[in-house]
Amino acid sequence: MKIKLPSFFHHYFLTGIFGAAFFLIVLSFGLAYFNLRADRPLIIHFTAEQGIDFFGTSADVFKIIIISFSVVLINLFVGVILFEKERVLPYFLGVASLVFSFLILLALTTVILVN
């Protein structure tokens with residue numbers, strides 16, 4: 001029996017955008033897993049005026065990654081649902097997911113470099 005995919009997945013540009021977003025999230029997870037140690041608190045947020053204002057653990061970083069994965073997954077499901085009715089919104093959701101994933105990767109890289 002052959003499984004019929006929605007027509008959304010036949011558009012390679014959309015599939016590539018969401019695939020790149022998921023790849024960036026997986027890359028963020030890999031960077032966090034191999035570079036963060038759980039034996040000490042991490043500097044999560046700091047400002048130039050006040051200095052360090054938020055400490056956290058590596059579990060907090062992984063929670064952020066899991067939430068970002070969930071956001072991209074929800075955007076994918078909404079894009080698949082809306083694809084037949086409105087063709088522009090899935091592209092917007094895909095690009096927004098890709099930018100969001102890149103910003104998560106950038107923030108995680110900053111946390112790794114500071115710690």
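Residues numbered from 1 in each chain as written. Predicted model: local features only at pLDDT ≥ 70, side-chain atom pairs only at ≥ 80, totals over all residues. Heavy atoms only, no water.

Q: I keep staring at the packing of aromatic side chains and nothing clicks. Help me out?
A: In this description, a pair of aromatic rings is defined by centroid distance and the angle of the planes. What the rule picks out here adds up to five aromatic pairs. Ring centres of phenylalanine 29 and tyrosine 33 lie 6.2 Å apart, and the angle between their planes is 15°; on these two criteria the pair is classed as stacked. On the criterion of helical spacing, the pair formed by phenylalanine 29 and tyrosine 33 is a turn pair, its members being four residues apart in helix 1 (residues 12-35). Classification of tyrosine 33 as exposed rests on a relative accessible area of 54%. Members of the aromatic cluster, each reached through a chain of ring pairs, are Phe29, Tyr33, Phe34 and Phe62. (Phe/Tyr/Trp six-rings, centres within 6.5 Å; stacked < 30°, edge-to-face > 60°. Helix = DSSP H or I, 4+ residues; strand = E, 2+ residues; numbered from the N terminus. Buried < 20%, exposed > 50% of the residue type's maximum accessible area, 1.4 Å probe, protein only.)

Q: So what exactly am I meant to see when it comes to helix 3 (residues 88-114) here?
A: For the α-helix, the turn length of 3.6 residues means that residues three or four positions removed from each other point alike. The first and last C-alpha atoms of helix 3 sit 39 Å apart over 27 residues, in line with the 39 Å expected at 1.5 Å per residue. Within the span of helix 3, buried status applies to Pro90, Leu93, Gly94, Ser97, Ser101, Ile104, Leu105, Leu108, Val111 and Ile112. Of the surrounding elements, those touching the buried residues of helix 3 are helix 1, strand 1 (42-47) and helix 2 (58-82). (Expected span 1.5 Å × (residues − 1). Contact = heavy atoms within 4.5 Å.)

Q: Help me understand the packing of helix 2 against helix 3, please; the structure alone is not making it clear to me.
A: Two quantities define a packed helix pair, namely the angle between the axes and the distance from one axis to the other. Two elements in contact, helix 2 and helix 3, have axes whose closest approach is 9 Å; the angle formed by their N-to-C orientations is 170°. Here helix 3 runs roughly antiparallel to helix 2, going by the angle between their axes. Across from Val61, Ile64, Ile65, Ser68, Val71, Val72, Asn75, Val78, Gly79 and Leu82 in helix 2, the residues of helix 3 making contact are Leu89, Pro90, Leu93, Ser97, Phe100, Ser101, Ile104 and Leu108. Considered class by class, the residues forming the contact of helix 2 with helix 3 number 13 nonpolar, five polar and no charged. (Axes fitted to C-alpha atoms, helices over the stretch in contact; angles between N-to-C directions. Parallel < 35°, antiparallel > 145°, perpendicular 65-115°, else oblique. Nonpolar A, V, L, I, M, F, W, Y, C, P; charged D, E, K, R; others polar.)

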